[in-house]
Amino acid sequence: ARLAPASCRWNSGLPMNIGVLFVPQQEAWVVERMGKFHRILEPGLNFLIPLLDRIRYVQSLKEIVINVPEQSAVTLDNVTLQIDGVLYLRVMDPYKASYGVEDPEYAVTQLAQTTMRSELGKLSLDRVFRERESLNASIVDAINQASDCWGIRCLRYEIKDIHVPPRVKESMQMQVEAERRKRATVLESEGTRESAINVAEGQKQAQILASEAEKAEQINKAAGEANAMLVKARAKAEAIQLLAAALAQQHGNAAASLSVAEQYVNAFSKIAKDSNTVLLPANTGDVTNMVAQALGIYTTLTKPQAVKTQDAMPPAHEDSHSSATEVLKAEQGSSS
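Residues numbered from 1 in each chain as written. Predicted model: local features only at pLDDT ≥ 70, side-chain atom pairs only at ≥ 80, totals over all residues. Heavy atoms only, no water.

## A few points about the packing of helix α2 (residues 104–120) against helix α4 (residues 132–147)
How two helices sit against one another is set out by the angle between their axes and by the gap between those axes. Viewed as axis vectors pointing N to C, α2 and α4 meet at an angle of 135°, and their least axial separation amounts to 9 Å. Accordingly, the angle class assigned to the pair α2 and α4 is oblique. Judged by the twist between their axes, the crossing of α2 over α4 is right-handed. The segment α2 lies against α4, with V108, L111, A112, T115, M116, E119 and L120 engaging L135, S138, I139, A142, I143 and A146. Here the residues of the contact of α2 with α4 sort into 10 nonpolar, 2 polar and 1 charged. (Axes fitted to C-alpha atoms, helices over the stretch in contact; angles between N-to-C directions. Helix = DSSP H or I, 4+ residues; strand = E, 2+ residues; numbered from the N terminus. Parallel < 35°, antiparallel > 145°, perpendicular 65-115°, else oblique. Left-handed = near helix turned anticlockwise from the far one by under 90°. Contact = heavy atoms within 4.5 Å. Nonpolar A, V, L, I, M, F, W, Y, C, P; charged D, E, K, R; others polar.)

## A short note on a nonpolar patch on the surface
On the surface, a nonpolar cluster with roughly 440 Å² of combined accessible area is contributed by V20, F22, L45 and F47. Every element with two or more residues in the nonpolar patch is listed here: β1 (20–23) and β4 (44–47). Assignment of secondary structure puts L45 in strand β4. (Patch = residues over 30% accessible without salt bridge, like charges linked within 9 Å, V, L, I, M, F, W, Y side chains within 5 Å. Areas by Shrake-Rupley, 256 points an atom, 1.4 Å probe, with all protein chains shown as cover. Salt bridge = Lys/Arg side-chain N within 4 Å of Asp/Glu carboxyl O.)

## Things to note about the pairing of strand β3 (residues 36–41)
As paired strands, strand β2 (residues 27–33) and β3 are joined by 5 bridges and run antiparallel to one another. Note on β3: the bridge partner recorded for V31 is R39. Adjacent in sequence and paired antiparallel, β2 and β3 are bridged by 2 residues, among which M34 carries a positive phi angle near 55°. (Pairing = 2+ DSSP bridges.)

## Comments concerning the confidence of the model for the protein
When the pLDDT values of the protein are averaged, the result is 78; 74% of them are 70 or greater. Per-residue pLDDT, averaged within each element of the protein, yields its smallest value for helix α8 (residues 317–335) (48) and its largest for strand β7 (residues 80–91) (89). Every residue in residues 1–12 is under pLDDT 50, and counting partners more than four places away or in other chains gives 29 contacts. Segment residues 314–324 is flagged for pLDDT under 50; beyond a separation of four residues in sequence, or across chains, it makes 4 contacts in the model. (pLDDT = per-residue confidence, 0-100.)

## A look at the nonpolar core
L87, M116, I143 and Y157 are the most contacted members of the largest nonpolar core, which totals 32 residues. Tallying contributions element by element places α2 first for this core, with 6 residues. Core analysis: the next-biggest nonpolar cluster, separate from the first, contains 9 residues, L14, L21, V31 and L48 among them. (Core = buried A, V, L, I, M, F, W, Y, C linked by side-chain atoms within 4.5 Å. Buried < 20%, exposed > 50% of the residue type's maximum accessible area, 1.4 Å probe, protein only.)

## Observations regarding the sheet that holds β7
The strand order across the open sheet formed by 3 strands is β6-β7-β8, and the pairing between neighbours is antiparallel. Edge positions in the open sheet fall to β6 (64–74) and β8 (152–163), since each of these has one partner strand only. Taking the axes of each pair of neighbouring strands and ignoring which way they run, one obtains an average angle of 25° across the sheet. In this sheet, β8 lies alongside β7 in antiparallel orientation, the contact comprising 10 bridges.

As structure tokens, then:
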């Protein structure tokens, strides 16, 4: 049988002493004998003396949830907030919870409210929203320090809602929008800067590659020209060697004289074709004299070589030279 909840804790009824009692699990029954604390009944079967023993308190050892009412608090920057929370606690010592405080629930609730006000007074409005976890931990530590003598331990405290005045809320929203616009502007400027840097780096790399390509092209072109000049020089040297070998043979001077005469005559045939300015010798009409003059120039140029090779040349060389002269005179007569 149970009586009405007169001096019960957290709405737990007080059972009547009938001598034999069964204590439920996770409950502690405080027994007084003739008005003095006697013992705490453990869960299970227990025996009491009727009329002498009385069950004075019933403590629940389960975790208890207490809703902390909404309260007003002023922050460090003089902003009034409406804040509420939820408190989680457990009875660790039934004796202290029964005789250490009159109403543990009311005492812990008031302690949580006062601690919340004091902790909020140390923080600014912006830090209240950023440091909710540290604020909850501070409240739990403060409650545990005070409730140690009550036999109650606070497990955790959670803030449910924080209500800000309308004007302050509008200012916060404007501040958030301004901060977002600032971030957008900064991000856009950083993107523009990164784009300009990338474009400049690309142009730099392009110029470097173009200069390297031009350098390689010039090197290749110079190498090609050098190779071409070497090839031409070698070809010209071989041609001179072949020409010298041909002139050293029999009747070589006569053939050379004939070639020089032909080139001299062809040069005069191209006069006034490439340019209007013409330089003519005094005896232009005398073709025989011009040919003889050309042969004389060639003879003068080849005379030192002829002197050196006179001993090696056969005596029939003069006959060939005279025959070549006769051939030239015959050609001059036909051309005239």
